[in-house]
Amino acid sequence: MARELQKTYDPKDFEEALYQKWLEADCFSPKSSAKGTFSVVIPPPNVTGQLHIGHALNHTTQDILVRFKRMQGYETLWLPGTDHAGIATQIRVEQDLRENEHKSRHDLGREKFVKRVWDWKATYGAKILEQTKKLGSSCDFSRLRFTMDEGLSRAVRKTFVDYYQKGLVYQGYRITNWCPHCVTALADTEVEHKDLEGAFWDIKYPVKEGGFITIATTRPETLLGDTAVAVHPDDERYKDLVGKTVLLPLTDREIPVIADEYVDMEFGTGVVKITPCHDPNDFEVGLRHDLAQICIFDDHARVNENGGRYQGMDRFEARKAVLADLKELGLLVGERKHTHAVGHCYRCGTIIEPLASKQWFVKMKPLAEPAIEAVKTGKVRFVPEHFEKIYLNWMENIHDWCISRQLWWGHRIPAFYCDACGKTTVSETDLTVCPHCGGAVHQDEDVLDTWFSSALWPFSTLGWPDQTADYQKYYPTSVLVTAYDIITFWVSKMIFSGLALTGQVPFPTVFIHGLVRDAQGRKMSKSLGNGVDPLEVVEAYGADALRFTLATGSTPGNDLRFSMDRVEASRNFANKLWNASRFVLMNANESVGEDPLCEALGAEDKWILCEYQRLIREVTTNLEHYEIGVALSKLYDFIWDVYCDWYIELCKPRLNEKGTPQNRAALSTLLYVLRGTLKLLHPIMPFITEEIYQKLPHASGFIMTSDWPQADERFDFEREMRAMEEVIDVIRAVRRIRAEKNVPPKVKAPLYLKTDDPDAFSQSEPYFIRLAGASELAFVTKAPEGCIAAATNAATAFLRLSDLVDTEAEKARLSAECENLEKQIAITEKKLENRDFVSRAPEAVVNKEREKLERYRAALANSRAALAAL
RNA sequence: GGGAGCUUAGCUCAGCUGGUUAGAGCAUCUGCCUUACAAGCAGGGGGUCACAGGUUCGAGUCCUGUAGUUCCCACCA
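Residues numbered from 1 in each chain as written. Chains lettered and ligands numbered in written order. Predicted model: local features only at pLDDT ≥ 70, side-chain atom pairs only at ≥ 80, totals over all residues. Heavy atoms only, no water.

Q: Sorry, what's going on with the overall build of chain A here?
A: From N to C terminus, chain A includes 28 helices and 29 strands. On C-alpha atoms alone, chain A measures out to a radius of gyration of 37 Å, which is more than a quarter above the 29 Å that the 2.2 N^0.38 rule sets for 870 residues. When its C-alpha atoms are laid out on the principal axes, chain A stretches across 115 × 85 × 55 Å. Within chain A, the fraction of its 870 residues that count as buried is 54%. A fraction of 77% describes how many contacts in chain A between residues 6 or more apart in sequence connect residues 24 or more apart. Surface accessibility of chain A: about 39000 Å² in total, with carbon and sulfur atoms responsible for 48%. Distance between charge centroids for chain A: 3 Å, based on 107 positive and 125 negative side chains. (Helix = DSSP H or I, 4+ residues; strand = E, 2+ residues; numbered from the N terminus. Rg over C-alpha atoms; globule rule 2.2 N^0.38 Å. Buried < 20%, exposed > 50% of the residue type's maximum accessible area, 1.4 Å probe, protein only. Contact = heavy atoms within 4.5 Å. Areas by Shrake-Rupley, 256 points an atom, 1.4 Å probe, with all protein chains shown as cover. Lys, Arg positive; Asp, Glu negative; His and termini not counted. Charge placed at Lys NZ, Arg CZ, Asp CG, Glu CD.)

The following block contains the structure:
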């Protein structure tokens, strides 16, 4: 029969096929709706490699929201795409080139190398798409974007030129964070500070006029680039020295002693060496005092020609050599251990070298102000709220943003330098001649920071700067879903860019999720090898199980630990739903009515219908408030505990009465609730719900494009629901008694019930017979003879002990058990009295014996009590 | 040096605006192949909700402090 589900739940049987069907039916593109739009742009994964489990969390979260809104009838767009990820991708391709062909990018040359990266992008971009599909993501692939697409590149250029004309982009010679391995400048956000064990060295500098001055430094090798020594103007100790000249050791240079407020008198010796080219503060001091700038490192942080005999040494070799030489000269007078924060490149981990160089910057103050305002006034809201502090803290302490990178992969800076007149022209279109003098021009060699283009993502992907239909319809987007680790990198940049360029916030809500960690709680990383490939999980357990796992067990903004145990539990849930549906389908057929409301509705039907209405209301509210985990746990409980464990069991007797009104009522309620519950679950587990939905009687179309369930007041049977709950309570109580007495299910016994609310139990005899092992139900007003009682809020249930257990046999069994236990206890006691055993055996073994003894004694007490009760 | 989060059952985590006996999954124990499901069913054990104060009729939930832990930000040589 076409309506049957396969006997075993195997997601491989249908997940892929269903996804194809959705694609073929064009289910993912927005359908115009009077209800309004709901749009989301994907945080574009880097084309560096494949997706990891963190992406799976991000995508799942978005897909849940998107599918929910789509079913609610909004014109829903989820726009997919990828990021060129400048440094990260370039490093990966260079590594690949080195490992496979033993070549550097310079061997290929810029053009060939960039082509090579495009090939890489083609490969990994496609892989990422494949993975996205396997997860069930319902993005509109007809609108797929890449940050280096023609249109998006135009947006980048337009922005750069705009900012330039407004004076927001400027070129400056400044200290920047320089990565000697990647050979490029980095933005402050791209530097990770880690505490390193280092040392403080005290070094004596000879003063020309006589005597010495002692400075303290953590970086003695930069001494080679010193152009002054500074003290605080108010420092009495050194007042006389200001204006004198110092003979810089290891070089033949003479440098002045200057006075500057920057120096902290309390710190170290109160004297600071000034190296303008290799320290941001010293650079500023240098400017104030018009000091020479002597750069002693090349792009790879090796000592250059300014370093005299140290030329060619790596910076750390140079440190050793300088220290050794100073020691030799007797100028090294102290060394103390000292830990301090050292900047590392966020991509390759190399220690950052502050280096003075000419770079492009974005002036941040004017851009940050409205962006701060937008969050403070609630135009942009963070969920959970406390993440706005991270954002504000960063925005309020903003520094200018270094946007030029000495890389080949990225958007080339649209600045053109005239070889003749020397003027700089910034232009949206490529120039060949200078607009000022007509001379030949050459374009800036550098590319823009990758975040410069991602900053525009919410609108550049929709066609901006053109006022396209998509842009007008879907911008601003509805919500941004991302992890907290890129709030400063990305979220902040989109907000100020959106405000500056489109005059609007790019999204009213930022929904923050946590990071996925491994079972031990460690961050997943390549070097640890603890990363989980989402596709392997999908392969083994199905996309629905993976999605379920990611959607549950964590709250917004909190990290979640990923373990296969949890995926397995999720799969078990899917299996449960599968089997319950299979059972319903085995009994149902097309003749069952779609609306369950009828005369024959039983108490249990009213109960489940009422519970179901409550579920609709709660799940809907939870999803609207981004409480995905809460919504899901309610669905889980409803499906497993309420629908499967109780409702289906309660229905079973009526399922054999084919053709009766009671039978039809049961079936239509089973189907009605199942259909609606599948819909509620669909955003989270799209595949299994679609597969089952398609098999249901009266099914037409897709569940994914069906309407979201609405609570139906006709089914608010509150009173009946409470009555049923009381029945369930009593059944539980009776089961407890039977379990405690070890009564086999086959043994049936009369059940006596004492209650003040007989109405609630008037129709309940069949339930007790089926689910509580009762042979009949009798109401009593006082406790019958020889009975055990179990009380609930509404009633007291009585069972006659002699009905439940064969007294003689039980007596015999219990006496045997007591005897056996006594024997065991004697043996164990003897063992523990044996001094040899206690002293020689490992403590754990002895303890185990002691525990055993305790257990035996407890068991014996129990058995004796039971015996006495008979 | 600032700031934020976390600390609840053996393990991993839920507990919304304070309200009846603090929940789930996994693990564990007991009994069940009760024909939708052993990837299951029924029942049980296990928590002084990190600690110390405070507000309140009432606190896991709010306030203050302490400890441990994770993370973010930060140009003190």
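Q: Teacher, can you tell me more about the sheet that holds strand E23 (residues 509–513) here?
A: Adjacent strands of a sheet form backbone hydrogen bonds with each other and so pair up, either parallel or antiparallel. One open sheet accounts for three strands, arranged E15-E23-E22; its pairing is parallel. With one partner strand each, in any of the chains shown, strand E15 (381–383) and strand E22 (480–483) form the two edges of the open sheet. For this sheet the average axis-to-axis angle between neighbouring strands, irrespective of direction, equals 25 degrees. In terms of strand pairing, E22 meets E23 through four bridges, oriented parallel. Within E23, the residue paired with Val481 across the bridge is Phe511. (Pairing = 2+ DSSP bridges. Axes fitted to C-alpha atoms, helices over the stretch in contact; angles between N-to-C directions.)

Q: Can you walk me through the pairing of strand E28 (residues 787–791) in this structure?
A: Of the pairings in the sheet, the one linking E28 to strand E29 (residues 795–800) comprises five bridges and is antiparallel in character. Counterpart to Ile788 in the pairing with E29 is Leu799. Linking E28 back to E29 in an antiparallel pair, the connection comprises three residues.

Q: Explain helix H17 (residues 564–587) to me, please; I cannot follow it from the model alone.
A: Each full turn of the α-helix corresponds to 3.6 residues, which orients residues three or four apart in the same direction. An ideal rise of 1.5 Å per residue puts 34 Å on 24 residues; H17 measures up with 35 Å between its terminal C-alpha atoms. Three or more residues of H17 are buried, namely Val567, Ser570, Phe573, Ala574, Leu577, Trp578, Ala580, Ser581, Arg582, Val584, Leu585 and Asn587. For H17, the elements touching its buried residues are helix H15 (534–541), helix H16 (543–551), helix H19 (628–655), helix H20 (661–681) and helix H21 (686–695). (Expected span 1.5 Å × (residues − 1).)

Q: Would you mind going over the state of the cysteines with me for this structure?
A: What the rule picks out here adds up to zero disulfides. The structure places no disulfide on Cys179, whose sulfur is separated from the nearest cysteine sulfur, that of Cys348, by 3.5 Å. For Cys179, a relative accessible area of 0% translates into the label buried. Of all cysteine sulfurs in the structure, the one in Cys437 sits closest to Cys418, which takes part in no disulfide; the separation is 3.4 Å. (Disulfide = S-S within 2.5 Å.)

Q: Looking at this model, I keep getting lost on the packing of H16 against H21. Mind explaining?
A: Each pair of packed helices can be summarised by the angle the axes make with each other and by the distance between the axes. Between H16 and H21, the shortest axis-to-axis distance is 7 Å and the interhelical angle comes to 130 degrees. The orientation of H16 with respect to H21, classified from their angle, is oblique. Mapping the contact onto sequence places Ala543, Asp544 and Arg547 in H16 and Pro686, Phe687 and Ile688 in H21. (Parallel < 35°, antiparallel > 145°, perpendicular 65-115°, else oblique.)

Q: Which parts of the structure should I look at to understand the protein's contact with RNA strand B?
A: Around RNA strand B, the structure places 44 residues, and the nearest of them are Asn281, Arg571, Arg582, Trp640 and Arg736. Of what RNA strand B places within 4 Å of the protein, 67% of the atoms are sugar or phosphate. Within the backbone of Asp264, one N or O atom sits 2.9 Å away from a base nitrogen of RNA strand B. One of the side-chain N or O atoms of Arg735 is found 3.4 Å from a sugar or linking oxygen in RNA strand B. (Near = heavy atom within 4 Å. Polar contact = N/O pair within 3.5 Å; in protein donor to acceptor, adjacent residues only side chain to side chain.)

Q: Would you mind going over the packing of H17 against H21 with me for this structure?
A: Following both chains from N to C, one finds H17 and H21 inclined at 0 degrees, their axes separated by 11 Å at the closest point. The angle between H17 and H21 falls in the class roughly parallel. The segment H17 lies against H21, with Ala574, Leu577, Trp578, Ser581 and Leu585 engaging Ile688, Glu691, Ile692 and Lys695. Class assignment of the residues belonging to the contact of H17 with H21 gives a composition of six nonpolar, one polar and two charged. (Nonpolar A, V, L, I, M, F, W, Y, C, P; charged D, E, K, R; others polar.)

Q: So what exactly am I meant to see when it comes to the sheet that holds strand E10 (residues 245–247) here?
A: Reading across the sheet, the four strands line up as E10-E11-E9-E12 and stay open at both edges, with mixed pairing between neighbours. Since the sheet does not close on itself, it has two edges, and those belong to E10 and strand E12 (271–274), each with one partner. Taken over all neighbouring pairs, the strand axes of this sheet differ in orientation by 30 degrees on average, direction set aside. With three bridges connecting them, E10 and strand E11 (residues 254–259) associate as antiparallel partners. Across the sheet, residue Thr245 finds its bridge partner in E11, namely Pro256.

Q: What's the story with the nonpolar core in this structure? I'm lost.
A: For soluble globular proteins, the rule of thumb is that nonpolar side chains tend to be buried together. By size, the foremost hydrophobic cluster in this structure holds 190 residues, and its most contacted members are Phe562, Trp607, Tyr643 and Phe768. For this core, the element with the most residues is H19, which contributes 15 residues. Residue contacts for Phe768: discarding those within four places in its chain leaves Val727, Val730, Ile731, Leu751, Leu753, Phe761, Gly773, Ala774 and Leu777. One finds Leu224, Val231, Leu250 and Leu331 within the second-largest nonpolar core, a separate group that totals 38 residues. (Core = buried A, V, L, I, M, F, W, Y, C linked by side-chain atoms within 4.5 Å.)

Q: Honestly, the pattern of salt bridges in this entry has me stumped. Any pointers?
A: Oppositely charged side chains may form a pair once their charged atoms are brought near each other. Going through the model one piece at a time under the given rule, you end up with 47 salt bridges. Arg309 is the partner of Asp325 in a salt bridge, and the nearest nitrogen-oxygen pair spans 3.6 Å. Highlighted residues: Asp325 in helix H8 (residues 315–328) and Arg309 in the loop between helix H7 (280–289) and H8, separated in sequence by 16 residues. Asp325 gets classed as partly exposed once you look at its relative accessible area, which sits at 24%. On the basis of relative accessibility, which here comes to 58%, the residue Arg309 falls in the exposed class. Its salt-bridge partner being Arg405, residue Asp449 comes within 3.2 Å of it at the nearest N-O pair. In this pair, Asp449 is assigned in the loop between strand E21 (447–448) and helix H11 (450–454) and Arg405 in strand E17 (residues 404–405), connecting sequence segments 44 residues apart. Note on accessibility: Asp449 and Arg405 belong to one class, buried. The network of salt bridges with shared partners includes Arg219, Glu221, Arg315, Arg319 and Glu353. (Salt bridge = Lys/Arg side-chain N within 4 Å of Asp/Glu carboxyl O.)

Q: Honestly, the side chain of Thr269 in this entry has me stumped. Any pointers?
A: Relative to the assigned elements, Thr269 resides in the loop between E11 and E12. A distance of 2.8 Å separates the side chain of Thr269 from the backbone oxygen of Thr214, its partner in a polar contact. Setting aside anything within four residues of it in sequence, one finds Thr269 in contact with Asp202, Thr214, Ile215, Ala216, Arg237 and Tyr238.

Q: For this particular structure, what's the right way to read unusual backbone geometry?
A: Negative phi characterises most residues that are not glycine, and trans characterises most peptide bonds. Cis geometry is adopted by the peptide bond preceding Pro384, which originates at Val383 and carries an omega value of -5 degrees. With respect to the helices and strands, the residue Pro384 is situated in the loop between E15 and helix H10 (387–396). In this structure, the amide linkage connecting Trp464 to the following residue, Pro465, adopts the cis form with an omega of 15 degrees. Locating Pro465 in the fold gives a position in the loop between helix H12 (457–460) and helix H13 (469–474). Backbone geometry at His102 places phi at a positive 50 degrees, although glycine is not the residue there. Residue placement: His102 occurs in the loop between helix H3 (86–101) and helix H4 (105–108). A positive phi is found at His698, a non-glycine position, where the angle reads about 70 degrees. Residue classification places His698 among the partly exposed residues on the basis of a relative accessible area of 26%.

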